[in-house]
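Per-entry structural report
Each chain is listed here by its residues.
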Amino acid sequence: MMSCASTTAPFACALDAWLAKECAARSPEELLSRLTTAQWRALARTLRHAAKHSTFYAHALCGHDLAPHRSEDLAQLPFTLPQDLSAWETLLCTSLGDVQRLVTMPTSGTTGMPKRLAFTQRDLERIGLFFAAGMSYLVKPGSSVAVLLPGAQRPNGVADLLRQALVSLDIPVACPPPDLLHKEQTSALAAWLRKTAPSTVVAMPTQLQRLFSAIPQGLPCLSGVLSSAEPLDVSLGTALRSQWNCELLDHYGLTEAGYGCALECPSHDGYHLRAMDIFVEIVSPDDGHLLPVNAVGEIVITTLDREAMPLIRYRTGDMSSLLSEPCTCGSPLPRLGPILGRIVRDASGQTRILRLPKREAAPC
Ligand SMILES: [Zn+2]
């Protein structure tokens, strides 16, 4: 049984304490260097694993340096594109028998083959460890959590993995009956929340928007909200924090990253990265060249030590930056800046940015 991270000292925040344990850093002063060293080692392991076991990467990585030590070296490797996931079996590094969960992703267009992602039991356990560490910002002994994300009944789906992580922290978890998640049932969902009286809610922004309309004054029991699975409108986040008088943290994740990728801390100064599982680069959306820290561009991820289907330099299509300054919470680690929009590419390869709402002053 894990315990809630009520003590993160001497580290700045719960995720830093978790990462320190992962990379054997004993103090905040050595966290960045230890983590960086561990990341490059994990990158080399991942590249060798992918090149050895996946026919896609055996071809794509042929002739490349599989032990890069600098960002400029890594940038020599080819990208993996979303459409490459259609030939998912060529990316598979394990036998199908070792795949514990196979996720089929929505495909645009009518002729496309389904894109799939595979995870082993260990891959799923790594996701759970990140969820447990991240939820430690919002829960403590005695807390209870309501998970409103859809699909809670699906074994090893994102809601179920979150539930498992919370149970590992000895935190009681409740999920509403699936029919209460329909938008027409918002009043019934609000009544269920009143009756269940959780201290923390995990929900998608569209769900939070509807609940905000149904219960604008919030719930007396509620002290924390985790927003996940969709971009959070900044004005909604600000209104909820103020009107519901609770902490609200935003999570940036995508299925390709293994659901979890980066999470705000209570300082709201960028998104702390799941740095021992995901390596992030920022590149130009137009020509793919590597951009320096603090520059805005496309988020590119490399999954670290993922067994079933590692992704090397996967272009997410999301726009952000890597923040190099320490977080206001004191963490010295690089973080993701605000998620600014989605990159849309037309048939000719031209790009345009579908921007998310800008940050606004508190509307209430
Ligand atoms: Zn922070």
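Everything below is about the structure shown above.
Below you will find a few notes about this structure. Throughout this document, residue positions are counted from 1 along each chain, in the order its sequence is written. Given that the model is predicted, a residue must reach a pLDDT of at least 70 before its local features are reported, and side-chain atom pairs must reach 80 or more before they are shown or counted; all residues, however, enter totals for whole chains, interfaces and linings.

1. Considerations on the overall build of the protein
Put simply, the rule reads: Each helix is a run of DSSP H or I of at least 4 residues and each strand a run of E of at least 2, with the numbering of both proceeding from the N terminus. The size measure is the radius of gyration over C-alpha atoms, and the globule rule it meets is 2.2 Å times the number of residues to the 0.38 power. Whether a residue is buried, exposed or partly exposed follows from its count of other C-beta atoms within 10 Å of its own C-beta, namely 20 or more, 12 or fewer, or something in between, respectively; the C-beta atoms are built from the backbone. Residues are treated as contacting if the C-beta atoms built from their backbones sit within 7 Å of each other.
The helix and strand inventory of the protein stands at 10 helices and 16 strands. The C-alpha radius of gyration of the protein comes to 20 Å, within 12% of the 21 Å expected for a compact globule of 364 residues. Over its C-alpha atoms, taken along the principal directions, the protein stretches across nearly 60 × 55 × 45 Å. The burial tally for the protein puts 41% of its 364 residues in the buried class. Excluding contacts between residues fewer than 6 apart, the proportion of contacts in the protein whose partners are at least 24 apart in sequence is 61%.

2. Some points on the sheet that holds strand β16 (residues 351–355)
To keep things clear, this is the line we draw: In this description, strands pair whenever DSSP reports at least two bridges between them. A fitted line through C-alpha atoms represents every axis, and for helices the fit uses only the stretch in contact; the resulting angles, taken between N-to-C directions, go from 0 to 180 degrees.
Across the sheet, five strands lie side by side as β10-β11-β12-β15-β16; this open sheet has antiparallel pairing. With partners counted over all chains shown, the strands left at the sheet margins are β10 (278–283) and β16, one partner each. For this sheet, the mean angle separating the axes of adjacent strands, direction not counted, is 35°. Inspection of the sheet shows β10 paired to strand β11 (residues 297–303) by six bridges, in the antiparallel sense.

3. Notes on the environment of Ser86
In this fold, Ser86 is placed in the loop between α4 (71–74) and α5 (88–91). Judged by local crowding, Ser86 falls into the partly exposed class, with 16 C-beta atoms found within 10 Å.

4. What about the environment of Pro78?
Assignment of secondary structure puts Pro78 in the loop between α4 and α5. The exposure class assigned to Pro78 is partly exposed, which follows from the 13 C-beta atoms found within 10 Å. A sequence separation of 14 residues divides Pro78 from His64, and the C-alpha atoms of the two residues are 9.4 Å apart. With near-sequence residues (within four places) excluded, Pro78 lies in contact with Ala60 and Arg313.

5. Looking at the packing of helix α6 (residues 121–135) against helix α7 (residues 158–168)
Note the cut-off: In this scheme, roughly parallel covers angles under 35 degrees and roughly antiparallel covers those over 145, while 65 to 115 is roughly perpendicular and the rest are oblique. Less than a right angle of anticlockwise turn of the near helix away from the far helix marks a crossing as left-handed, whereas a clockwise turn marks it as right-handed. Just so you know the grouping, Ala, Val, Leu, Ile, Met, Phe, Trp, Tyr, Cys and Pro go in nonpolar, Asp, Glu, Lys and Arg go in charged, and all remaining residues, Gly too, go in polar.
Their axes nearest at 8 Å, the elements α6 and α7 cross at an angle of 60°. With respect to α7, the axis of α6 lies oblique. Our pair here, α6 against α7, has a crossing hand that is right-handed. In this structure, α6 uses Leu124, Ile127, Gly128, Phe131, Ala132 and Met135 to contact α7, whose residues at the interface are Leu161, Leu162, Gln164, Ala165, Leu166 and Ser168. A breakdown of the residues in the contact of α6 with α7 according to their chemical character gives nine nonpolar, three polar and no charged.

6. A short note on the sheet that holds strand β14 (residues 335–336)
Read across the open sheet, the nine strands follow the order β4-β3-β5-β6-β7-β8-β9-β14-β13; overall the sheet is mixed. Only two strands of the sheet have a single neighbouring strand rather than two, namely β4 (173–174) and β13 (322–323). As defined by bridge partners, β13 adjoins β14 across two bridges and the pair is classed as antiparallel. Within the sheet, the bridge partner assigned to Leu323 lies in β14 and is Arg335. Strand contacts of α7: β3 (145–147), β4 and β5 (200–203), with the helix running at about 165° to β3, the strand carrying the most contacts.

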